[in-house]
Amino acid sequence: MLTAWLARPLTSFHLVLAVFGLLTAFGLVMVLSASAVDSMDQYGSSYAIFYRQLLYCGVGLVLFVVVLRIPPKTFRRLSPLMFLICLAMLALVLVIGHESNGARSWFRLGPLPSFQPVEVAKVAFALWGAHVLVVKRALLRQWRHLLVPVVPVALLIFTLIMMQPDLGSTITVAIVLLALLWFAGAPLRLFTVIVLAGVTGALVLAFSAPYRLNRVLSFFDPAGDPLNTGYHARQALFALADGGMLGKGLGQGSAKFSYLPNVHNDFIFAVVGEELGLVGCALVIGLFATLAYVGLRIAARNTDPWNRLVAATLTTWLVAQAAVNIGYVVGILPVTGLQLPLMSSGGTSLIAGMIVFGMLANFARHEPEAVAALRSQGENRRRRWFHLPLPDAYRPRARRRPARPSTTPRRPGRNTGTLRSTSQSAGRGRAGRAPSARAGRRRRPRRAP
């Protein structure tokens, strides 16, 4: 029965909508539970942070529907312009950006909500990088075409982000770059070089700033400085341990009472473990595992190479970011400050995640079987999905063939002036004319009058 359901043409679309809805609803509930104490202390209301998250969620839902309605070829055509705008914003935020927690990463205009341009830049980089690699796919065996201009531009993004500084966002952009190169078919030896360069760069960055070095040292020995550098990691483990199998109950956790800083943002998975136990943690991990399956399924079933590359890259980015966040909460990775997609409190991250889900749902509707099913169902069934336009089947561009010389039909016994074979040319006379049939006949002498 499950196999038959998975074989349906719109299964990918339904799975994306299901995962998207569950993660969004679950995230809003956990943000409300985890932020109540901090919201009361900062704003005098237990719902202030939740209302702000709800506002960002409304904006993200509108963008989700907009992205779902726009054809993928339009995004591909606009991807260079969108990426240039994001690069300009990354440079501009260093000049007029708002500084918070030691990083100048946000735009803030008076009472308007803050905006973090690096989250949108990740999506734009994935779209533009896929466009470049698909255009040059016939030349990707040559390293200069494989690396240029994607890798130099990625290094530029790394530089702009580290000038903020924001190590977590740098890691996610590196994940996007590796996913682009991997799914584009880059050789394995290239990833060996990139991993070595990445480890070297991470060591240089770790020793260049004391707070980064302390994070690395606290990862190897959290009990060495339990009240300073190892405080977050230890408190997250204590919260998970208190949850047990079924948890203390929704809203009954104690980590949010200033025992664990940023509990509604970077460490919201610890609140899930404390209040909902192992069952709640397994549910979150299962949702992201389902996202990994459906995202790669969409990439495998699409015929458009750009859709395939973008779907696989965006899926890898979201799942890898979730894995890093869960990894440092449970203590198997150093603390990097990455958010849990669609669950952590953070407006721009939530909007970017919803845009990604909108693109995945759009690509799911452009699978060949889904296109055929939607076009055969007619207008009545289509009205159920927000009046979405019918998807178009992918048609690869026809390759240009070399022009052939045009020939005109010849009449028998006439020279048309076209090229002939060597045997025909050898039978011609000295004047270059072909010998006629009468040339071989003997003419009779005329009689005298």
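Residues numbered from 1 in each chain as written. Predicted model: local features only at pLDDT ≥ 70, side-chain atom pairs only at ≥ 80, totals over all residues. Heavy atoms only, no water.

Visitor: I keep staring at the overall build of the protein chain and nothing clicks. Help me out?
Guide: Broken down by element type, the protein chain carries 17 helices and two strands. A separation threshold of at least 6 residues defines the contact pool for the protein chain, and within that pool the share at least 24 residues apart is 70%. Roughly 25000 Å² of accessible area belongs to the protein chain as shown, and the carbon and sulfur atoms make up 62% of that amount. (Helix = DSSP H or I, 4+ residues; strand = E, 2+ residues; numbered from the N terminus. Contact = heavy atoms within 4.5 Å. Areas by Shrake-Rupley, 256 points an atom, 1.4 Å probe, with all protein chains shown as cover.)

Visitor: Please explain the packing of helix 5 (residues 117-135) against helix 7 (residues 150-162) as it appears in this structure.
Guide: When two helices pack together, their arrangement is given by the angle between the helix axes and by the axis-to-axis distance. Contact pair helix 5 / helix 7: the axes reach a minimum separation of 11 Å and the direction vectors enclose 170 degrees. By the criterion of interaxial angle, the relationship of helix 5 to helix 7 is roughly antiparallel. Residue-level inspection shows Val 118, Phe 125, Trp 128, Gly 129, Val 132 and Leu 133 of helix 5 in contact with helix 7, the latter providing Val 150, Val 153, Ala 154, Ile 157 and Ile 161. Looking at side-chain class alone, the contact of helix 5 with helix 7 contains ten nonpolar, one polar and no charged residues. (Axes fitted to C-alpha atoms, helices over the stretch in contact; angles between N-to-C directions. Parallel < 35°, antiparallel > 145°, perpendicular 65-115°, else oblique. Nonpolar A, V, L, I, M, F, W, Y, C, P; charged D, E, K, R; others polar.)

Visitor: Can you walk me through the environment of Gln 235 in this structure?
Guide: With respect to the helices and strands, the residue Gln 235 is situated in helix 11 (residues 231-243). Taking the C-alpha atoms as reference points, Gln 235 and Tyr 259, 24 residues apart in sequence, are found 6.9 Å from one another. Residues contacting Gln 235, with those up to four places away along its chain left out, are Tyr 259 and Leu 260.

Visitor: Explanation requested: the environment of Ala 202 in the structure shown.
Guide: As for its position among the elements, Ala 202 is in helix 9 (residues 188-208). Taking the C-alpha atoms as reference points, Ala 202 and Leu 167, 35 residues apart in sequence, are found 9.5 Å from one another.

Visitor: Can you walk me through the side chain of Gln 339 in this structure?
Guide: Within the secondary structure, Gln 339 sits in the loop between helix 13 (305-330) and helix 14 (347-365). Note on Gln 339: relative accessible area 13%, which makes it buried. A distance of 2.9 Å separates polar atoms of two side chains, one belonging to Gln 339 and the other to Asn 265. Here Gln 339 is in contact with Asn 265, Asp 266, Gln 321, Asn 325, Ser 344, Ser 345, Gly 346 and Ser 349, once residues within four sequence places are set aside. (Buried < 20%, exposed > 50% of the residue type's maximum accessible area, 1.4 Å probe, protein only. Polar contact = N/O pair within 3.5 Å; in protein donor to acceptor, adjacent residues only side chain to side chain.)

Visitor: I tried to follow the confidence of the model for the protein chain on my own but got confused; where do I start?
Guide: Per-residue pLDDT for the protein chain has a mean of 84; in total, 86% of the residues score no lower than 70. When mean pLDDT is compared element by element in the protein chain, helix 12 (residues 268-301) scores highest at 96, while helix 17 (residues 422-426) scores lowest at 40. Predicted confidence for residues 412-441 stays below pLDDT 50, and this span has 13 contacts to residues more than four positions away or in other chains. (pLDDT = per-residue confidence, 0-100.)

Visitor: Explain the packing of aromatic side chains here, please?
Guide: Two measures describe an aromatic ring pair: the distance that separates the ring centres and the angle between the ring planes. Summed over all chains, the structure comprises ten aromatic pairs. Note on Phe 20 and Phe 64: the rings are 4.4 Å apart at their centroids and 5 degrees apart in plane angle, and the pair reads as stacked. With Phe 20 in helix 2 (residues 11-43) and Phe 64 in helix 3 (residues 48-69), the pair connects residues that are 44 residues apart, well separated along the chain. Pair check on accessibility: Phe 20 and Phe 64 agree, each one buried. An aromatic cluster is built from Phe 20, Phe 64 and Phe 357, whose rings are joined through pairwise contacts. (Phe/Tyr/Trp six-rings, centres within 6.5 Å; stacked < 30°, edge-to-face > 60°.)

Visitor: Explain helix 11 to me, please; I cannot follow it from the model alone.
Guide: For the α-helix, the turn length of 3.6 residues means that residues three or four positions removed from each other point alike. Look at helix 11: 19 Å from first C-alpha to last across 13 residues, which is about the 18 Å you get at 1.5 Å a residue. Those residues of helix 11 hidden inside the fold are in contact with helix 12 and helix 13. Positive phi appears at Gly 244, one or two residues downstream of helix 11, with a value of about 65 degrees. (Expected span 1.5 Å × (residues − 1).)

Visitor: Explanation requested: the environment of Val 150 in the structure shown.
Guide: Residue position: Val 150 is located in helix 7. According to the relative accessible area criterion, Val 150 is buried, its value standing at 1%. Along the chain, Val 150 and Val 132 lie 18 residues apart, while their C-alpha atoms are 7.6 Å from each other. Setting aside chain neighbours within four positions, we find Val 150 in contact with Phe 125, Trp 128, Gly 129, Val 132, Leu 133 and Leu 177.

Visitor: Is there a simple way to think about a nonpolar patch on the surface in this case?
Guide: On the surface, Trp 182, Phe 183, Leu 188 and Leu 296 cluster together into a nonpolar patch covering about 430 Å² of accessible area. Using a relative accessible area of 42% as the deciding quantity, one classes Leu 296 as partly exposed. (Patch = residues over 30% accessible without salt bridge, like charges linked within 9 Å, V, L, I, M, F, W, Y side chains within 5 Å. Salt bridge = Lys/Arg side-chain N within 4 Å of Asp/Glu carboxyl O.)

Visitor: It is not clear to me how the pattern of salt bridges should be interpreted in this structure. Could you clarify?
Guide: Oppositely charged side chains can pair when the atoms bearing their charge come close. Per the stated rule, a full pass over the model turns up seven salt bridges. Ionic pairing is found between Glu 367 and Arg 301, a salt bridge with its closest N-O pair at 2.9 Å. In this pair, Glu 367 is assigned in the loop between helix 14 and helix 15 (368-377) and Arg 301 in helix 12, connecting sequence segments 66 residues apart. Among the residues examined, Arg 301 registers a relative accessible area of 24% and is labelled partly exposed.

Visitor: Can you help me understand the packing of helix 4 (residues 72-96) against helix 5 in this one?
Guide: Helix 5 packs onto helix 4 with a crossing angle of 140 degrees between their chain directions and a minimal axis gap of 8 Å. On the basis of the axis angle, helix 4 is oblique to helix 5. As helix 4 runs across helix 5, the sense of the crossing is left-handed. Along the contact surface, helix 4 presents Arg 76, Ser 79, Pro 80, Met 82, Phe 83, Cys 86, Met 89, Leu 90 and Val 93, while helix 5 presents Pro 117, Val 118, Val 120, Ala 121, Ala 124, Phe 125, Leu 127, Trp 128, His 131, Val 134 and Val 135. Here the contact of helix 4 with helix 5 is composed, by residue class, of 17 nonpolar, two polar and one charged. (Left-handed = near helix turned anticlockwise from the far one by under 90°.)

Visitor: What exactly am I supposed to notice about the pairing of strand 2 (residues 103-106) here?
Guide: Two faces, one strand: in a regular strand the side chains alternate between the faces of the sheet. One ladder, built from three bridges, connects strand 1 (residues 98-100) with strand 2; its direction is antiparallel. Pairing of His 98 across the sheet is with Trp 106, part of strand 2. The turn joining strand 1 and strand 2, which pair antiparallel and follow one another in sequence, is formed by two residues; a positive phi near 55 degrees is taken by Asn 101. (Pairing = 2+ DSSP bridges.)

Visitor: Explain unusual backbone geometry here, please?
Guide: Most peptide bonds are trans, and most residues other than glycine sit at a negative phi. Here the bond from Val 148 into Pro 149 is cis, since omega is 5 degrees, no more than 30 degrees from zero. Pro 165 follows Gln 164 through a cis peptide bond whose omega is -5 degrees. As for its placement among the helices and strands, Pro 165 is situated in the loop between helix 7 and helix 8 (167-183). One non-glycine residue, Ser 258, adopts positive backbone phi at about 65 degrees.

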